[in-house]
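Here are the chains, one letter per residue:
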Amino acid sequence: MTDTGAAGAVGTYRGEQTAMYTISPKSGDATIMVVDDNPANLKLLERMLGQAGYGVRSFSRGRPALVSAALNPPDLILLDINMPELTGYEVCEQLKSDDRLARIPVIFLSALSQTEDKVKALQCGGVDYISKPFEFEEMKARVQTHLMLCRLQRALQSQNESLEQAVAARTAELAEANQRLTILDRSKNEFLELISHEFRTPLNGLLGVGELVLCELADSPESDELRGMFELSRQRMLSILDDAMLLTQIDVRREKFLAGAVRLSRAVTQAVGMASELARDRQVRLAPLSGGDVMVVGDEELLVKALTALIETAVKFSERNQSVQIAWKADSDPIIVMIESIGKAIPIDQISKFFDLFSIGEASTPGGDLGLGPPVAFRILALFGGTVTVANRDPSGIRLTMSLKSANS
């Protein structure tokens, strides 16, 4: 096929002459391919579309039109149905089978006006159907509509591709960042485990030497006081190391802690037993437990640790010869556990940060600073969907309120 670039030129396809006309497009306008075996129709459409500002490429056969479309895809195709060699249906099907050409809108032009002809045209990939003889204003309106839709679809596709690329790039960045965080978290955990181990080694030596020195002291009130201070410091240092490690593991390796069903009365009883030594030292009574038998979600060892920390916190806020009350409601969901003391209140400006690390100092409690107990309890309960809050009681003391998920729900 040859193209001379002039209107009314004659093309050649497989040795036979084929009418093929070209109108040069105006700058920025769309190119429309017209395929019709009737030369009069081609000339008419060329003139009308050219006057409307479109570039026109005309073919009287389907095969050369397909070759031209593959070399230089048009923006829209007007396609006759009844043609020699290839029908319009077949030309359209071949266009739609080519990924590069499949999105070109095809409008069928035909004298066939039966419903089945129109349905077949749409089924093989056409976007519209115009019956001959046609009104040019109607054709121009449909051409404009489908060109606009095609441009919008292409713009949307381009935007989607850009978004997909942006999302893919962002996903890769997030994956890389997550990988770095994972490495940092693992390094942090390994570092803290190393520090904990390395602290314990020289600490055991110091504690051992301290015990030997204290054993050599003669019995006296002063020696007993030193022994008590030494034991308290020893317990506090070891407790801080254990709590710090547990906090790190909760933050870094949450998946290792598996939730199960825990009998609340059993966990509270164990916690009371573990807190009883501190209560005796502070001359604080732990009142009889009050609550029914209920199962809650958690890990028994961790739940006992959280309860112990909160009971000891209440003890530290208690006055001497007062009682710490522990009660829960077995018929609610979530299960509410309350721990109440009579004694000193929390400064108002410190209530909101009560469960932050190292938030409550020695000046806040009559029995010493709280250390890591409250934040450890807070994170343990959160690990299994629970919560804990603190409030001052009227007229004195504090109330710790725990909310635990029922294992029966």
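As a reminder, the structure under discussion sits directly above these lines.
The shown structure was predicted, so the numbers you read here are calculated from the model rather than taken from an experiment.

Draft legend 1. Structural context of the pairing of strand S13 (residues 335–340). Alignment of strand S12 (residues 323–329) against S13, held across 5 bridges, turns out to be antiparallel. Within S13, the residue paired with Lys-329 across the bridge is Ile-336. As judged from the 6 bridges shared by S13 and strand S15 (residues 398–404), these two strands associate in the antiparallel manner. When the bridges of S15 are listed, Val-337 appears paired with Met-402.

Draft legend 2. How the structure looks around the pairing of strand S14 (residues 387–392). In this structure, S14 lies alongside S15, joined through 6 bridges in antiparallel fashion. Directly across from Thr-389, in S15, lies its bridge partner Thr-401. Between S14 and S15, which follow one another and run antiparallel, lie 5 residues, and Gly-397 among them has a positive phi close to 95°.

Draft legend 3. Main features of empty space enclosed by the protein. Counted according to the given criterion, the structure contains 2 cavities of 30 Å³ or more. The space that makes up the largest cavity amounts to roughly 40 Å³. For the largest cavity, the full set of lining residues is Val-297, Gly-298, Leu-303, Leu-381, Phe-384, Gly-386, Leu-404 and Lys-405. Tallied by class, residues from the lining of the largest cavity come to 5 nonpolar, 2 polar and 1 charged.

Draft legend 4. Quick peek at the packing of aromatic side chains. Within this structure, the stated rule accounts for 4 aromatic pairs. With centroids separated by 5.1 Å and ring planes inclined at 80°, the aromatic side chains of Phe-354 and Phe-355 adopt a geometry described as edge-to-face. These aromatic residues form a ring-pair network of at least three members: Phe-317, Phe-354, Phe-355 and Phe-378.

Draft legend 5. Looking closely at the side chain of Ser-58. Mapped onto the elements of the fold, Ser-58 is located in strand S5 (residues 55–59). At 2.9 Å, the side chain of Ser-58 forms a polar contact with the side chain of Glu-46.

Draft legend 6. Representation of the layout of surface pockets within the structure. In this structure, the largest pocket occupies an estimated 1,200 Å³ of space. The wall of the largest pocket is formed by 35 residues, among which Gln-235, Arg-236, Ser-239, Glu-312 and Lys-316 lie closest to the centre. In terms of residues, the lining of the largest pocket owes the most to one element, helix H6 (residues 221–252), which gives 11 residues. A per-class count over the lining of the largest pocket returns 13 nonpolar, 9 polar and 13 charged.

Draft legend 7. Summary view of the sheet that holds S12. The strand order across the open sheet built from 5 strands is S10-S12-S13-S15-S14, with neighbouring strands paired in mixed fashion. Every interior strand has two partners, whereas the edge strands, strand S10 (285–286) and S14, have only one. Contacts between helix H8 (residues 300–316) and the sheet are confined to S10, S12, S13, S14 and S15, with S15 contributing the most and set at about 165° to the helix.

Draft legend 8. Structural detail: the nonpolar core. Among the nonpolar cores identified, the biggest contains 50 residues, and Leu-264, Leu-310, Ile-339, Leu-400, Met-402 and Leu-404 are the most heavily contacted of them. Listed by contribution, the elements that provide at least two residues to this core are H6, helix H7 (264–281), H8, S12, S13, helix H10 (373–383), S14 and S15. Of the residues forming this core, the biggest block, 10 residues, is contributed by H8. Look past the residues within four positions of Leu-310 in its chain and what remains in contact with it is Ile-339, Phe-355, Ala-377, Leu-381, Val-388, Leu-400 and Met-402. With 22 residues, the next largest nonpolar core counts Val-35, Leu-79, Met-83 and Tyr-129 among its residues.

Parameters at a glance
Residues numbered from 1 in each chain as written. Predicted model: local features only at pLDDT ≥ 70, side-chain atom pairs only at ≥ 80, totals over all residues. Heavy atoms only, no water. Pairing = 2+ DSSP bridges. Helix = DSSP H or I, 4+ residues; strand = E, 2+ residues; numbered from the N terminus. 1 Å grid on protein atoms, 1.4 Å probe; cavity = no way out; pocket = protein on both sides within 12 Å on 5 of 7 lines; lining within 4 Å. Points joined across faces, edges and corners; volume = space filled by probe spheres on them. Nonpolar A, V, L, I, M, F, W, Y, C, P; charged D, E, K, R; others polar. Phe/Tyr/Trp six-rings, centres within 6.5 Å; stacked < 30°, edge-to-face > 60°. Polar contact = N/O pair within 3.5 Å; in protein donor to acceptor, adjacent residues only side chain to side chain. Contact = heavy atoms within 4.5 Å. Axes fitted to C-alpha atoms, helices over the stretch in contact; angles between N-to-C directions. Core = buried A, V, L, I, M, F, W, Y, C linked by side-chain atoms within 4.5 Å. Buried < 20%, exposed > 50% of the residue type's maximum accessible area, 1.4 Å probe, protein only.

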